[in-house]
Protein chains: 2
Amino acid sequence: MRAAGVDSGGSGSDWYAMLSLVDIRSRIAAGTLTPEGAVRLSREAVAAREPAVGALVSVAQDPVIPVEGPFAGIAVGVKDIIDTADLPTQMGSPIYAGWRPRGDAAVVSRLRALGACVLAKTTTSPFAGIDPTGTRNPHDPGHTPGGSSAGSAAAVGAGMLPLALGTQTGGSVIRPASFCGCAAIKPSFRLLPTVGVKTFSWALDTLGLFGAEVRDVAYALAHLAGRPEIDGAASPDAPRIGLVLQDFAGAAEPEAQRALEAARRAAERAGARVSEVALPAPLPEAWALHGVIQDYEARQALAWEIAAHRAELPEKVGRQLDAAAAIPAAEYDAARRCAHRSRRVLKDLFGDFDALLTFSAAGPAPAGLGSTGDPRYNRLWTLMGVPCVNVAVPGDGLPVGAQVIARFGDDGRALAVARRIEAALARG
Amino acid sequence: MRAAGVDSGGSGSDWYAMLSLVDIRSRIAAGTLTPEGAVRLSREAVAAREPAVGALVSVAQDPVIPVEGPFAGIAVGVKDIIDTADLPTQMGSPIYAGWRPRGDAAVVSRLRALGACVLAKTTTSPFAGIDPTGTRNPHDPGHTPGGSSAGSAAAVGAGMLPLALGTQTGGSVIRPASFCGCAAIKPSFRLLPTVGVKTFSWALDTLGLFGAEVRDVAYALAHLAGRPEIDGAASPDAPRIGLVLQDFAGAAEPEAQRALEAARRAAERAGARVSEVALPAPLPEAWALHGVIQDYEARQALAWEIAAHRAELPEKVGRQLDAAAAIPAAEYDAARRCAHRSRRVLKDLFGDFDALLTFSAAGPAPAGLGSTGDPRYNRLWTLMGVPCVNVAVPGDGLPVGAQVIARFGDDGRALAVARRIEAALARG
């Protein structure tokens, strides 16, 4: 789909036009838009669309709008597990109702230093877990936007904000981006610092970015990480792409299979050599062990909430944390060793491939708001710490994306290959 | 030295009797002491000694004293960069004056769940950096207790508390323990969760424990980590110990050399086979690169403090963070790769040795309060993430310790070998 005022129109759904960060910056550079005017675009979109979507927890009434810096004029949404000094940070939980941290999270401070306007906090599943929010999918209010970064994906997908921060521990960035039809990156582990971000699992929690198109999140990540080479990294002319079906995670739904096939054909049209690859041992085992690491750590990370506020924890996370008490330390240690071995095997695999291409989600956003969807095609990559990009695949009906993955530390490569596929998809 | 009321007496200094966690627990189990009475012992010691030492930032006036659990009766000091819900957490900085976090850090919540009485917050260098506190060495008020965990080391060394929490990013646990004559462990990286602990460097920050003797920190770590096997792990009958002089860090002072030699002879008397080992490449290079990783991350971790409160940052850390702006991302990446390779080389080295033995500090606590001492014999091991134990070496003058190190994840082995050496030193 096209961003910044161009409605690409999916015949089966009500596609919003998204706001492109790069377009806004270009218009500001050309003198046809001011930073204040750009933030006003977001405010107007919020006023028009937020009542139907419910993506925002709070909106800054009179935020600072810097006039200089690479993010000047960019209104940003910040997932509500990420500390902000000037807006409450409530973790999606009544335990933190009205809570005001002392300072900004590191990434928020960086955003402000680069000129961004932190306009809103976005809804999150409680503690970025699996209990759903009340946020609605901007493409169909009867469907979930996914989670746990529900509000960030929905706000960008609804064209309210050109940039939003989320986090992924299982599949909480790539999956909601796929459901909401926007681009997103889950960068390499700790490329963006998680200081000031509520911890669920310290080995997994990863900050991510939502934007209209891949170029938008590439621009944002390059600046936030202070690594200009990330944006505009060249894709090889004939990238070697490994198509990964993740059979160990079960079959995807037909819509997701069609989206992946469309992305594959687009890649080939754009010169890629695509070959199917089965992930070698112990990667399928690592996939299965993701939850052991996540839950063992979550029970420690949320020790205070469990001890002091067990009754206020949401149903699913509460049960998950109760069950985690039974995980032996030795099982956690074994899972971490498996993950460690798997990272080395995966690194070797990237000797043969510039990128991997796989499902972003099992299918389009499920109906209803009772579930945030299934992260089964995301969790291995979170555990591996490798950069993952969601590319929206145009089509009928609710959005479905495809996921492009590169080796650890090569976020620029993942973005470049994703951009190439996105462009080929747009050419049709 | 001996703990729990037995004053071992160093001829050249004023040695306090320390409070032994294990002794207190034994007396409670035997019915000769109540948890309340045990906490009163700490309160009385605080009343008597704190005015001269200045180790505490705040003391709970009416703390909960559980009567059950493995830490019942244990009054704990918590470094003031670690969140507590019921006492301010001020990071050693006016920026956080009076700051009250919403909840307890994960490790504090765990302490309480095990029955501990969180009695006091202990002084810390601002943000656990290198600017000194006003805390005095309990063995000589004209000398520093070290840092950054100044108050935790001093409070345990002064016999005020049987257990205190600190953190180490360079040498902030092992070095002050050496200066204050107490036992301490810096466990394997992330064995104890740092959730709710102010970040300086996410790749390095490690929670550690101070106690009277090695058995005390072994008991505490085993319970806190939920890994009973850590306490009472058997030392091999004839442990193979590598003596590491860390020549790349320069020569140690004569007192530290004598302490290391005494520890070596004690180990041999206890059956160990000790042989000198030079650390292979790239370990010396990793030692030199520790600061690159630390400072590059600190500048991000403290982004809000730099942006909003630069003038209130302390002198040394302020300059350090300013200078860190010049570290290129590529230099950080290269340092991390070197550290990664070094961990594998070190792992292989532990095929030949059960433990390594090296300096805990360059010498006894420096005179004056203008410096927290030099972490040059600690920083490599923090970067490697391996468990390190300080063993106090009895002698004349100010305390000096020796450092016992085991492979990653084998904290029980490090403690067992340290205990064996400590016992042999006590036998003389």
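Residues numbered from 1 in each chain as written. Chains lettered and ligands numbered in written order. Predicted model: local features only at pLDDT ≥ 70, side-chain atom pairs only at ≥ 80, totals over all residues. Heavy atoms only, no water.

Student: Looking at this structure, how should I read the packing of helix H1 (residues 21–29) of chain B against helix H6 (residues 214–225) of chain B?
Tutor: The description of two helices packed together rests on the angle between their axes and the distance between the axes. All names here are of chain B. Direction vectors running N to C along H1 and H6 enclose 70 degrees, while the axes themselves pass 7 Å from each other. Between H1 and H6, the interaxial angle falls into the category roughly perpendicular. Of H6, the residues touching H1 (which contributes Leu21, Val22, Asp23 and Arg25) are Arg215, Asp216, Tyr219 and Ala220. Looking at the contact of H1 with H6 residue by residue, the classes come out as 4 nonpolar, no polar and 4 charged. (Axes fitted to C-alpha atoms, helices over the stretch in contact; angles between N-to-C directions. Helix = DSSP H or I, 4+ residues; strand = E, 2+ residues; numbered from the N terminus. Parallel < 35°, antiparallel > 145°, perpendicular 65-115°, else oblique. Contact = heavy atoms within 4.5 Å. Nonpolar A, V, L, I, M, F, W, Y, C, P; charged D, E, K, R; others polar.)

Student: Would you explain the interface of chain B and chain A in this entry?
Tutor: It is common to give the size of an interface as the accessible area that goes away when the parts come together. Across the boundary between the two partners, chain B contributes 33 residues, which contact 33 residues of chain A. Buried area between chain B and chain A, summed over both chains or domains, comes out near 2,600 Å², and the portion from carbon and sulfur atoms is 56%. Taken as a group, B:Arg102, B:Arg227 and B:Trp304 account for 26% of the area that chain B buries against chain A, more than any other trio of residues on that side. Put simply, A:Asp333 and B:Arg227 hold a salt bridge, and the shortest N to O gap is 2.6 Å. At the boundary of chain B with chain A, the tally comes to 8 residue pairs in polar contact (both at pLDDT 80 or more). (Buried area = accessible area lost by both parts, 1.4 Å probe. Salt bridge = Lys/Arg side-chain N within 4 Å of Asp/Glu carboxyl O. Polar contact = N/O pair within 3.5 Å; in protein donor to acceptor, adjacent residues only side chain to side chain.)

Student: What is the right way to look at helix H7 (residues 254–269) of chain B in this model?
Tutor: Note on helix geometry: an α-helix contains 3.6 residues per turn, so any two residues three or four positions apart are oriented the same way. Residues and elements named next belong to chain B. Given a rise of 1.5 Å per residue, 16 residues ought to cover 22 Å, and the 22 Å separating the end C-alpha atoms of H7 matches this to within 8%. Turning to H7, its buried residues are Ala256, Ala259, Leu260, Ala262, Ala263, Arg264, Ala266 and Ala267. In this fold, the buried residues of H7 make contact with strand E7 (240–243), strand E8 (273–276), strand E9 (355–359), strand E10 (388–393), strand E11 (400–405) and helix H13 (411–427). Phi for Gly271, located one or two positions after H7, is positive at around 100 degrees. (Expected span 1.5 Å × (residues − 1). Buried < 20%, exposed > 50% of the residue type's maximum accessible area, 1.4 Å probe, protein only.)

Student: What should I look at first to understand empty space enclosed by the protein in this one?
Tutor: Over the atoms, a rolling probe the size of a water molecule traces out where space has been left empty. Scanning all chains against the criterion turns up 3 cavities of 30 Å³ or more. Each pocket or cavity is described by its volume, and for the largest cavity that value is around 960 Å³. Every element with two or more residues in the lining of the largest cavity is listed here: helix H9 (303–309) of chain A together with helix H9 (303–309) of chain B. Residues that form the lining of the largest cavity fall into these classes: 23 nonpolar, 9 polar and 14 charged. (1 Å grid on protein atoms, 1.4 Å probe; cavity = no way out; pocket = protein on both sides within 12 Å on 5 of 7 lines; lining within 4 Å. Points joined across faces, edges and corners; volume = space filled by probe spheres on them.)

Student: What exactly am I supposed to notice about the pattern of salt bridges here?
Tutor: A side chain with one charge can pair with a side chain of the opposite charge if their charged atoms come near. Residues and elements named next belong to chain A. Scanning the entire structure with this criterion turns up 33 salt bridges over all chains. Ionic pairing is found between Lys121 and Asp80, a salt bridge with its closest N-O pair at 3.1 Å. Taken together, the residues Lys121 in strand E3 (residues 117–122) and Asp80 in the loop between strand E2 (75–79) and helix H3 (106–113) connect sequence positions 41 residues apart. We note that Lys121, like Asp80, is buried. Through salt bridges with shared partners, one network takes in Asp23, Glu213 and Arg215.

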